[in-house]
Amino acid sequence: MKIICIGRNYADHAKEMKSEVPTEPVFFLKPDTALLPKRNPFFIPSFSNDVHHELELVVRISRVGKSIEERFAHRYYNEVSVGIDFTARDIQALCKSKGLPWEKAKAFDGSAPVGKFVILKDDQNIQDLDITLKINDQIVQEVNTSKMIFSVTQIISYVSQFITLKIGDLIFTGTPAGVGPVKINDKLEGFIGEESLLKLNVK
Ligand code: MG
């Protein structure tokens, strides 16, 4: 399986990063080794002094698809959760300044913890979910998915023009404003609505 991550999908985050708001989805990949086994802590990697949390809605692909039309894209996922797109911001800034790829900053081991997946209920709209990240019981990131620049179906349609989607692939759909560094002993908890789906300790 592969992990596809969307960059700059909320205008307020693009602004805090002093990045342009994109006119088409920006995506990058993480390998399956970026997943974090359940109940494992997240270890801050030794190569970075500035690892940031990025709370994101995560969509799990449930059908194989290539060049999926947007109007059919809702048939290609069935479960959602929240995940953290951990980012070594210092390394990323260095890569960006040299025009180099971001993988060192984004794709390292354990950089993509994902919570428990839930099936959306009939009355739930994927573009109207509140996602929240608390650190040590304080809310640090909070957004409604209606604020996405590119919707989940637009993302699936766009990415599948370039890359075949397979069952079990995960799409991280971008982070809202409020990113910041994590430190040892932080306790992270991610929610959709009131439901706690992800708990993680930083070591
Ligand atoms: Mg991200």
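In case you missed it, the structure is sitting above this.
Residues numbered from 1 in each chain as written. Predicted model: local features only at pLDDT ≥ 70, side-chain atom pairs only at ≥ 80, totals over all residues. Heavy atoms only, no water.

Asks: What is the right way to read helix α4 (residues 152–160) from this model?
Replies: Along an α-helix, a turn takes 3.6 residues, which lines up residues three or four apart on a common side. Counting buried positions along α4 yields eight of nine residues, so the element is predominantly enclosed. Among the residues of α4, those classed as buried are Val152, Thr153, Ile155, Ile156, Ser157, Tyr158, Val159 and Ser160. Residues of α4 that are buried make contact with β1 (3–7), β2 (26–30), β4 (55–61), β5 (77–84) and β10 (170–172). (Buried < 20%, exposed > 50% of the residue type's maximum accessible area, 1.4 Å probe, protein only. Helix = DSSP H or I, 4+ residues; strand = E, 2+ residues; numbered from the N terminus. Contact = heavy atoms within 4.5 Å.)

Asks: Which parts of the structure should I look at to understand the pattern of salt bridges?
Replies: Any two side chains of opposite charge can pair, given that their charged atoms come close. Summed over all chains, the structure comprises nine salt bridges. Between Glu69 and Arg71 there is a salt bridge; the shortest N-O distance is 2.7 Å. Here Glu69 falls in the partly exposed class, since its relative accessible area comes to 40%. One salt-bridge network, held together by shared partners, links Lys30, Glu54, Asp85, Arg89 and Lys106. (Salt bridge = Lys/Arg side-chain N within 4 Å of Asp/Glu carboxyl O.)

Everything listed is a geometric property; what it means functionally is a separate question.
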